[in-house]
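What follows is each chain in one-letter form.
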Amino acid sequence: MLSPNLNYAVVGQNSDITGLGFFQFLENHQLAKILSEPKLMTNSGEKAEFLSGGEIPIVLAQALNTSIVFKEFGVSVIFVPTVIGKDDILLEVKPEVSQPDYAHGVSLFGFTVPAFVTRRAQTFVRLKNNQMLIIAGLLLRTKTSVVTKTPYIGDIPYLGALFKNTSYQDQNSDLVMAVTLEIVNPIPSNGQPVLPTDRPQFTAEDIRTERVVPEDASRSRF
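First, a word on scope: everything that follows refers to the structure included in this document. Because the structure is a prediction, the values reported are computed rather than measured. (Residues numbered from 1 in each chain as written. Predicted model: local features only at pLDDT ≥ 70, side-chain atom pairs only at ≥ 80, totals over all residues. Heavy atoms only, no water.)

The subject of this paragraph is a nonpolar patch on the surface. Where nonpolar side chains cluster on the molecular surface, the patch consists of Tyr-152, Ile-153, Ile-156, Leu-159, Leu-162 and Phe-163 and spans about 640 Å² of accessible area. When you line up the elements, Ile-153 lands in the loop between strand 6 (132–149) and strand 7 (164–180). (Patch = residues over 30% accessible without salt bridge, like charges linked within 9 Å, V, L, I, M, F, W, Y side chains within 5 Å. Areas by Shrake-Rupley, 256 points an atom, 1.4 Å probe, with all protein chains shown as cover. Salt bridge = Lys/Arg side-chain N within 4 Å of Asp/Glu carboxyl O. Helix = DSSP H or I, 4+ residues; strand = E, 2+ residues; numbered from the N terminus.)

The next thing to look at is the pattern of salt bridges. Applying the stated criterion across every chain yields a total of six salt bridges. Here Asp-155 and Lys-149 are joined by a salt bridge, their closest N and O atoms 2.4 Å apart. Look at the salt bridges and you will find they share partners, linking Asp-88, Arg-126 and Lys-128 into a network.

This part takes up the nonpolar core. Leu-91, Val-93 and Leu-133 are the most contacted members of the largest nonpolar core, which has 17 residues in total. Breaking this core down by element, the ones donating at least two residues are strand 2 (66–83), strand 3 (88–108), strand 5 (123–128), strand 6 and strand 7. Among the elements that line this core, the one with the most residues is strand 3, at four residues. Residues in contact with Val-93, not counting those within four places in the same chain, are Val-77, Ile-78, Phe-79, Ala-121, Gln-122, Thr-123, Leu-133 and Ile-135. (Core = buried A, V, L, I, M, F, W, Y, C linked by side-chain atoms within 4.5 Å. Buried < 20%, exposed > 50% of the residue type's maximum accessible area, 1.4 Å probe, protein only. Contact = heavy atoms within 4.5 Å.)

Turning next to the side chain of Asp-101. For Asp-101, the location among the structural elements is in strand 3. In this structure, Asp-101 is buried with no salt-bridge partner, the nearest side chain bearing the opposite charge being Arg-119 at 12 Å. Leave out the neighbours within four places in its chain, and Asp-101 touches Pro-114, Ala-115, Phe-116 and Val-117. (Lys, Arg positive; Asp, Glu negative; His and termini not counted.)

Written out as structure tokens, the structure reads:
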């Protein structure tokens, strides 16, 4: 994933600016890709879940009937934060990455049930408010082969080997997750929430469009 000439490290120091800025640097130099940036909110001690992927139907064939169940796959994370002090948070994190693998699946009653390649981890950490946790090491190595051959001639036994070529490619990927915790304080009993109507009407200067040089269509809009 990374250039052999690049050595890197991430240092937060009670701030997520350094970590997020470095991830953006990797994406701008095509060394990494940011898959998603969700923001989840939950109560202390309760679970929050996130899934970036989909569901695949799997046929369960039995003697008298056939049913279909849906199996989730993709990148999923389960968070259970518990506030244990004024600025201390105990966090349980369960990241999982899975994808269907039809090459190692099984066939039952005429249906193909795929296997799943899964990478899973679980950890407990104690963090301060607004500190960042970085989880890495979810490695995946994929081997692919591409066959190029001359039509018809390449299918001839023995002789066809002279008219086709097989190339192999190994792809290594490392999934990195960065989690930043923030304690959301409730509104005081005498406080008033800010409403969208409290802001005065926008002026022409507020909605003026500015040109970005150099142009970057993938930049954040907010």
